[in-house]
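# Structural characterization, general
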Amino acid sequence: MTFWQDLERHAGRVAFVTAAGDTLDYAALACAADAVFDLPRGTPVLLALDNDLAAMIAYLGALRRGLPAIVTAAGDTTADRERADRLIAAFRPAARWSSARGTERLRDAGDAPAAHPGLALLLSTSGSTGATKLVRLSARAVDANAHAIAASLALTPDERAITTLPPGYAYGLSVIHSHLAAGATTILYAGSVVDPAFRAVIERHRATSFGGVPHSYELLDRAGFLDSLPESLRTLTQAGGRLAPELLTSVARRARAAGKRFVVMYGQTEAVARIATLDVDPDHVVAGGIGRAIPGGTLTLVDPETGAPAMTAGELVYTGPNVMMGYAEAAVDLARGHELTALRTGDLAERLPDGAYRVTGRRSRFIKPFGLRVALDEVEQRLAAAGVSAVAAGDDALLVVAVLAPGDVATAERFVADEVGLPASHRAVLALDAVPRLASGKVDYPALLAAGRAAAGAIRTAASAGALRAALAAALGRDRVEDGDSFRSLAGDSLSYVRASLAIEEVLGTLPERWEELTVARIEALARPTTARADPGFRWVATDVLLRPAAIALVVASHVLGDPANRAIKGGALALMILAGYGLARFQSRRLLGSARWGVIRDYLLRVIAPYWAILLFYRVLTPNRFGWETLLLLGNIVHDPGVRTMAQFWFIPALFHCTLALLLLLALPPVRRRAERSGWAIGFPLLSLALAAKIVGLALRAPLPVDDFSTDAWAYAIALGWLASHAEIGAQRWTVILVTALVTALDWGASDSHALIAEAVVAALLLTPRVLVRREVAAVLGYLARSSLFAYLTQGITIHLLRDRLGIDGVAPNVVAALTVGALAYAAWEQLMRRLRDGWRGRGRRWPARRGVSPVCRPSRPALAGRLTPRSCHNPAASPDGSTTIRRRPRSPGR
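Residues numbered from 1 in each chain as written. Predicted model: local features only at pLDDT ≥ 70, side-chain atom pairs only at ≥ 80, totals over all residues. Heavy atoms only, no water.

### Side note on the overall build of the protein
We count it as follows: Helix and strand definitions follow DSSP, with helices as H or I runs of at least four residues and strands as E runs of at least two, each counted in order from the N terminus. Each residue gets one of three labels from its accessible area relative to the maximum for its type: buried under 20%, exposed over 50%, partly exposed in between, using a 1.4 Å probe on protein chains only. Contact definition: two residues touch when any of their heavy atoms are within 4.5 Å.
Counting its regular elements, the protein contains 28 helices and 30 strands. Taking all 896 residues of the protein together, the buried fraction comes to 52%. A sequence separation of at least 24 residues applies to 69% of the contacts in the protein between residues at least 6 apart.

Now the structure itself:
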């Protein structure tokens, strides 16, 4: 039982005391918490928390009811409102709670995204400055961390901690957690640590401990608070970053002189909060020392580059029950399960002879301009040794150094130029009035880097932004794209993905991870002239882009050689089917699970069947092949006469259509859809099992089998393998899919058959090498071939007939080149035809039926406490800076 479910155990004891003296005992807290929400278990809610009683009741109410709590800072500033709006747009919670407004219902619980049953808490990642990337924490992790911290600090029910940090910050929240787990008391103080009221509240309510981040201790030191510590205090804790060695020693000495305990604690939001503790001995201070892991956890070291175990120095890795489930960047991520068993902290550390650890730097605090490795922490330390107080930030394109004294600019400039060796185009030295800091007190390095980029002119240009939008609009067949649009929300598919990905890399110089889920505005924010490629002559290309034309080439080669000469290279169609399943899962899963699922079939008809029917007319004229009604009605792979096999090479088109339709119908079933929303990975194996069962039944019904079995059920399992490959996100899942592919294809074709070998190679390439660095010119050619691969497949019969049958050119290479070339030309002609039809249609004032993503709709706002609906008009958000009018959009993640 978690500590929040067991509050009644401490009945009679005080849980919270306000600065004004109001108290709330554990029994009353449990009763009040249970009355806050009336939502079904698993419904996400947004909580804007501050250090007050109402916020604590609401927070514990969400935990006790099993509602995943998205925690953000309370406040009414523009930045606070914008952050809350971003979180609501990204994660679609059913309700929002704040002390000022209470509970506000945002949507029906049934319209909120499904959440994993173990999910309890979502917090902003360490160092977050407004992005919507959250850490997913399970109930088990939160509870385990609270009890481990309580044990590490030897907390008893007599402890009384005073809050110094907002509960939206992991460290601040963990102080509350650990004291609730111990049945102790938390004093809710929301003011500044340098306010005279801080000491007064400590003394009035006999606080026994407080915690602070380095900036807190800097303020307390300057204010003289540490020179005369209140008598009731027994323990001082510090976390949230490295305290300067001199101040660390000074605090430890003053604490010991006053008879207090000073504990340095190390942690990360990705492990709930604190994961290591060190009682500081002022006579033996270790710079960067973090001590040992909390009870139940383990610290180890690995090589930062290879991940291999390291003995004395390397990247710090934490293992324990409080490791996060994973990250969440969109509503669909809330349904994902546990993805990590160990946390690579990103911190570089040393193991000391006594078994304790010392953090020496941050892996991400290294940059590599021109291949020159620069340690940002070392830049700060060396400048400090020269008498210059500075902070440094940067990336592989720019080093930014900020100083607080204008007279230090010249010294810092000389150091960066001479000692670091960077040219003026890749450095920026700024004089600031104050170091930018996060609410947690940590240095806001992203803000510092942004200031440096602006000073250096490293901001995106209107031309690059326009080029990016134009390229995305062209790839997706739309007139324009908006700030909030993403490739997925605009119903992008595997065909348009190729063109869009190449366009993005052309502007950015790289292809961001999971770019298809990023909004256009976010992608544009990455479009900076200073973004440097490792080599501008090379580009990263997704592996599936390379595999598509390769699979088509195998199909063409197999058809040119014919049986039995082609036995060693058959399997291209199986590879294409796996790639189709991979694309469906990667690009269409949201539509397949949402209300716009039938749009997938419509798009298939418009983008695949329409050119298929058009090219059939050319076959009728240019080849002796004939076709009947079954070919036109997408039944040729089932009804065709095995003795004639008229137009049999087109079996793939109807088979893929049938598989897509079957998948859509399965996911339309509520139980199946709910399971798929929770985990695309988990639904993959039932899909594979169903496809294999259908194949077994089909084999029994069709006995004796024809030489080549083109029936849909014979190939459906390849779609399921592609689905699994797309959802395999961690190492164990990837290797499972590779092994399952090997087993299934070996049973179907034989372990040494080319079909099995090709399928295994395709899946392994997708999972182990998701992208490949190739020459820019080669990337452009391969990208176009991948986009035109459908047309190469459809026209291959014409080119083979003309070259091999009419001209006697039976070599594989010329036939493959001809098929790919004719396919590319056919694709270009088709695109030109569609463009003219669209222009003509729009010229008549009609709307061309483009692929539908999400479109703006006017919706009323619905305040929770109001008894009526208040209409809200549709406006441009930019015209309403106060947020009074907004564009509402239909949910982009799977709805029910």
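### Some details on the packing of helix α21 (residues 670-678) against helix α22 (residues 680-702)
To be explicit about the condition: For helices, the fitted axis covers only the stretch in contact; all axes are lines through C-alpha atoms, and the angles between them, taken along N-to-C directions, range from 0 to 180 degrees. Our angle categories are set so that under 35 degrees counts as roughly parallel, over 145 as roughly antiparallel, 65 to 115 as roughly perpendicular, and the remainder as oblique. Each residue gets one label: Ala, Val, Leu, Ile, Met, Phe, Trp, Tyr, Cys and Pro are nonpolar, Asp, Glu, Lys and Arg are charged, and the others, such as Gly, are polar.
One can describe the packing of α21 onto α22 by two numbers: an axis separation of 5 Å at closest approach and a directional angle of 130°. Put simply, α21 runs oblique to α22. Residue-level contacts link V672, R675, A676 and R678 of α21 to G680, A682, I683 and P686 of α22. Residue composition of the contact of α21 with α22, by class: 5 nonpolar, 1 polar and 2 charged.

### Side note on the sheet that holds strand β4 (residues 69-73)
Paired through their backbone hydrogen bonds, the strands of a sheet run either parallel or antiparallel. The condition is simple: Strands were regarded as paired on the criterion that DSSP finds at least two bridges between them.
Strand order in the open sheet formed by 7 strands is β6-β5-β3-β4-β7-β8-β19, and the pairing between neighbours is mixed. Sheet topology places β6 (102-105) and β19 (326-328) at the edges, where each strand pairs with a single neighbour. Here the average twist between neighbouring strands, direction ignored, is 30°. By the bridge criterion, 4 bridges tie strand β3 (residues 45-49) to strand β5 (residues 95-98) in an arrangement that is parallel. Across the sheet, V45 pairs through a bridge with A95, a residue of β5. Contacts from helix α3 (residues 78-91) reach β3, β4, β5, β7 (119-124), β8 (134-138) and β19, with the element oriented near 160° to β4.

### Brief notes about the packing of helix α20 (residues 652-667) against helix α23 (residues 712-727)
As a reminder, the rule being used: By convention, the crossing between two helices is left-handed when the near helix turns anticlockwise from the far helix through less than a right angle, and right-handed when the turn is clockwise.
α23 packs onto α20 with a crossing angle of 60° between their chain directions and a minimal axis gap of 9 Å. Judged by the sense of rotation from one axis to the other, the crossing of α20 with α23 is right-handed. From α20, P654, A655, L656, H658, C659, L663 and L667 reach across to α23, where they touch T712, A716, I719 and W723. In terms of residue class, the contact of α20 with α23 is built from 9 nonpolar, 2 polar and no charged.

### What about the nonpolar core?
Keep this limit in mind: Working definition of a nonpolar core: buried Ala, Val, Leu, Ile, Met, Phe, Trp, Tyr and Cys residues. They are joined through side-chain atoms within 4.5 Å.
Grouped together as the largest cluster of nonpolar side chains are 85 residues, with contacts concentrated most on M577 and I653. A per-element tally of this core places helix α16 (residues 572-593) first, with 13 residues. Residues in contact with I653, not counting those within four places in the same chain, are Y604, V608, I609, Y612, L634, L790, Y793 and L794. Counting 48 residues, the second-largest nonpolar core is a separate cluster that includes Y26, M56, A120 and L180.

### Topic: the sheet that holds strand β26 (residues 427-431)
Pairing within the open sheet is mixed, and its 3 strands lie in the order β24-β25-β26. Bordering the open sheet on either side are β24 (390-395) and β26, each of which pairs with just one other strand. The average angle at which neighbouring strand axes cross in this sheet is 15°, direction not considered. Note that β24 and strand β25 (residues 398-403) share 6 bridges and pair antiparallel. In the strand pairing of β25, G394 is matched with L399.

### What to know about the packing of aromatic side chains
Just so we agree on the cut-off: When the centres of two rings from Phe, Tyr and Trp lie within 6.5 Å, Trp using its six-membered ring, the rings pair. Their planes under 30 degrees apart give stacked, over 60 give edge-to-face, and anything left gives tilted.
Applying the stated rule across the entire model yields 16 aromatic pairs. When the centroid spacing of 5.4 Å and the interplanar angle of 40° are considered together, the rings of Y189 and F198 count as tilted. According to the relative accessible area criterion, F198 is buried, its value standing at 0%. Ring centres 5.7 Å apart and planes at 50° place the aromatic pair W715 and W749 in the tilted group. Linking W715 in helix α23 with W749 in helix α24 (residues 731-749), this pair joins segments that are 34 residues apart in sequence. A residue is classified by how much of its surface remains accessible, and W749, at 29% relative accessible area, is partly exposed. Through a chain of ring-to-ring contacts, the aromatic side chains of Y189, F198, F210, Y217, F225 and F262 assemble into a single cluster.

### Description of the pairing of β7
Of all 6 residues in β7, 6 are buried; the element is thus mostly enclosed. Pairing between β4 and β7: 2 bridges, direction parallel. When the bridges of β7 are listed, I70 appears paired with L122. Bridging between β7 and β8 involves 5 bridges; their strand directions are antiparallel. What sits directly across from S124, in β8, is L134.

### Structural notes on α24
Our working definition: Multiplying 1.5 Å by the helix residue count minus one yields the expected span of that helix. Each direction from the helix axis to a C-beta atom contributes to the arc, which is the arc of those directions.
The terminal C-alpha atoms of α24, which comprises 19 residues, lie 27 Å apart, in line with the 27 Å expected from a rise of 1.5 Å per residue. Along α24, the positions that sit buried rather than exposed are Q733, V737, I738, V740, T741, V744 and T745. In an axial view of α24, the angular spread of the buried residues amounts to 170°, which keeps them on one side of the axis. Turned more than 90 degrees away from the buried face of α24 sit A732, L739, L743 and L747, all of them exposed. G750 sits one or two residues past α24 and shows a positive phi near 110°.

### Considerations on the side chain of T277
Inspection of the secondary structure assignment puts T277 in strand β14 (residues 274-279). The residues touching T277, leaving out its near neighbours within four places in the chain, are S152, V263, V264, M265, I290, G291, R292 and I294.

### A short note on the environment of A356
Within the secondary structure, A356 is located in the loop between β20 (342-351) and β21 (357-362). Here A356 falls in the buried class, since its relative accessible area comes to 5%. For the pair A356 and G289, spaced 67 residues apart in sequence, the C-alpha separation works out to 7.8 Å.

### Considerations on the confidence of the model for the protein
Reading predicted coordinates in detail is not appropriate for stretches of low pLDDT. Worth spelling out the cut-off: The pLDDT value expresses, per residue, how confident the predictor is, ranging between 0 and 100.
Looking at the protein as a whole, the pLDDT averages 81, with 81% of positions reaching at least 70. For the protein, strand β29 (residues 856-857) is the element with the lowest average pLDDT, namely 29, and strand β10 (residues 185-188) is the one with the highest, namely 98. Across residues 126-130 the pLDDT falls below 50, and counting only partners more than four positions away or on other chains, this stretch makes 13 contacts in the model. A low-confidence stretch, residues 642-646 (pLDDT under 50), is modelled with 6 contacts involving residues beyond four sequence positions or located in other chains.

### Regarding the pattern of salt bridges
The test is simple: In the sections that follow, a salt bridge refers to a side-chain nitrogen of Lys or Arg positioned within 4 Å of a carboxyl oxygen of Asp or Glu.
This model, assessed by the stated rule, comprises 25 salt bridges. Close ionic contact of R437 with E218 constitutes a salt bridge, the shortest N to O distance being 3.8 Å. Taken together, the residues span a long stretch of sequence, with R437 in the loop between β26 and α11 (445-455) and E218 in helix α7 (residues 214-223) at a distance of 219 residues. For E218, a relative accessible area of 26% corresponds to the partly exposed category.

### Details of the environment of T631
Tracing the chain through its elements places T631 in helix α18 (residues 629-632). Distance in space between the C-alpha atoms of T631 and I653 is 9.8 Å, their sequence separation being 22 residues.

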